[in-house]
Amino acid sequence: MTQVPLERQIAATLRRVRRATGVSLAFAGEVLDSRQVRLSFFDGPNVGAMRGVELRPGHGLGGKVAALSRTIALNDYLATPLITHHYDRLISAEGLRAMVATPVIVERATVAVVYGAFRDTQVIGDRIQDAVTAEARALEQRLAVAAATENTLADPADACEAHRLRERIRDTYSDLRALAARTDDPETRAAILRAGRRLLDDDAEPPPVMLTPRECDIVAHAARGLSNRRIGEALGLTTGTVKSYMKSAMNKLGASTRHEAVISARRTGQIP
C-alpha cells in the first residue's frame, strides 16, 4: 500500500467520521511492520500531543484494537480497567475521555486503527460505534481496490489503459459541462451537471476555496489543453471572458500558471 493513497483515504474517512458522529476528535494510526500503531492523522481541534506517537502492540486502546482486530469502546479512557494506561498523559493533554476505536483490515492484516473521541465521559452507544465501524469498513474497501489497482498497473499495458481511461473521464466531464452551458432547459441542465459530478473524486481533500461553476468549466477545458479561444467557442464565451474566469480561478487556487490551476483543482476534487 503506497503512502499517498493511504494518507488521502484516511483523511477523507476521518472527515466523514466527525460528520456522522459529532465526535470532538477523529484520528487514526497506521500499523507499522513492527506492529506498533503510529498516530499520524487527525481531524478536529487538538494540541498535537499524540502526533507521531507509536503505540506498543497490545497497549493503550489502539494497540489493543490492532492486536485483537476488533472494535472497542470506552466510556472513560482514563478510568477503564480494560486497557493499559501507558498513554494517559497524552490523552489528558488532549482532554479526551470517551473513545471508540476500530481496526482497518485489508487482506487479513490490520493496516490502521480509526478512532472517534469525545472530551467528556459518556456512554458510547451503538449509533456511534456503528458509524465509526461503517466508515472503517468503507475505508477497507477503498484501500483494497487501491492495492489491487496498484498491482494491476505494474503491467505497462494496463498502466497505459488506465491513463487512457482517466483522459476519457476528463474529456467526458468537460463535454458535459459544455453541454449544460448550451442547454436552456433548467431541469435538463441540472441533470447533466449531476451526471458530471459523479465523475469527481469523493475522497479528495476539501478545497480551501470553492470555484464557481463557470470557473470549473474553464479549468476543466484548460485541462484538455484548449486555448482560451477554443474554450470560449465550446462554452459560448468571449476570449476576454474566458481569461477573466481563468485569472479568478488561478487566484483562488493559488496558482501561477494554468497547469498549476488544473493540478490544484484535481487535487481538491473540483474537476476529475
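Residues numbered from 1 in each chain as written. Predicted model: local features only at pLDDT ≥ 70, side-chain atom pairs only at ≥ 80, totals over all residues. Heavy atoms only, no water.

A few words now on the environment of leucine 179. Along the chain, leucine 179 turns up in helix H5 (residues 156-182). Under the relative-accessibility criterion, leucine 179 is labelled partly exposed at 37%. With 13 residues separating them along the chain, leucine 179 and isoleucine 192 place their C-alpha atoms 7.7 Å apart. (Helix = DSSP H or I, 4+ residues; strand = E, 2+ residues; numbered from the N terminus. Buried < 20%, exposed > 50% of the residue type's maximum accessible area, 1.4 Å probe, protein only.)

Below, the discussion takes up the pairing of strand E1 (residues 25-31). A large share of E1 lies buried, amounting to 7 of its 7 residues. Of the two faces of E1, the one lined by Leu25, Phe27, Gly29 and Val31 and the one lined by Ala26, Ala28 and Glu30 are each fully buried. Here 6 bridges tie E1 to strand E6 (residues 109-117), and the two strands are oriented antiparallel to one another. Each bridged residue has a counterpart across the sheet, and for alanine 26 the counterpart in E6 is glycine 116. With 6 bridges connecting them, E1 and strand E2 (residues 37-43) associate as antiparallel partners. Note that in E2 the partner of glutamate 30 across the bridge is arginine 38. Between the end of E1 and the start of E2, which pair antiparallel, lie 5 residues, with arginine 35 showing a positive phi angle near 75°. (Pairing = 2+ DSSP bridges.)

Moving on, we get to the packing of helix H7 (residues 213-222) against helix H9 (residues 239-253). In contact at an axis separation of 9 Å, H7 and H9 are set at 95° when each is read in the N-to-C sense. By the angle between their directions, the pair H7 and H9 is classed as roughly perpendicular. Where H7 approaches H9, its residues Arg214, Glu215, Ile218, Val219 and Ala222 are matched on the opposing element by Val242, Tyr245, Met246, Ser248, Ala249 and Lys252. Looking at the contact of H7 with H9 residue by residue, the classes come out as 7 nonpolar, 1 polar and 3 charged. (Axes fitted to C-alpha atoms, helices over the stretch in contact; angles between N-to-C directions. Parallel < 35°, antiparallel > 145°, perpendicular 65-115°, else oblique. Contact = heavy atoms within 4.5 Å. Nonpolar A, V, L, I, M, F, W, Y, C, P; charged D, E, K, R; others polar.)

The next point concerns the pattern of salt bridges. Where charged atoms of side chains with opposite charge meet at close range, the side chains can pair. This structure, assessed with the given rule, holds 12 salt bridges. Here lysine 252 ties to glutamate 215 by a salt bridge, and the two come within 3.0 Å at their closest N and O atoms. With lysine 252 in helix H9 and glutamate 215 in helix H7, the pair connects residues that are 37 residues apart, well separated along the chain. With relative accessibility at 29%, the residue lysine 252 sits in the partly exposed group. For glutamate 215, a relative accessible area of 3% puts it in the buried group. (Salt bridge = Lys/Arg side-chain N within 4 Å of Asp/Glu carboxyl O.)

As summarised here, the arrangement of the 6 strands in space is E3-E2-E1-E6-E5-E4, forming an open sheet in which the pairing is antiparallel. Edge positions in the open sheet fall to strand E3 (54-55) and strand E4 (72-74), since each of these has one partner strand only.

Everything listed here is a matter of geometry and, on its own, says nothing about what the molecule does.
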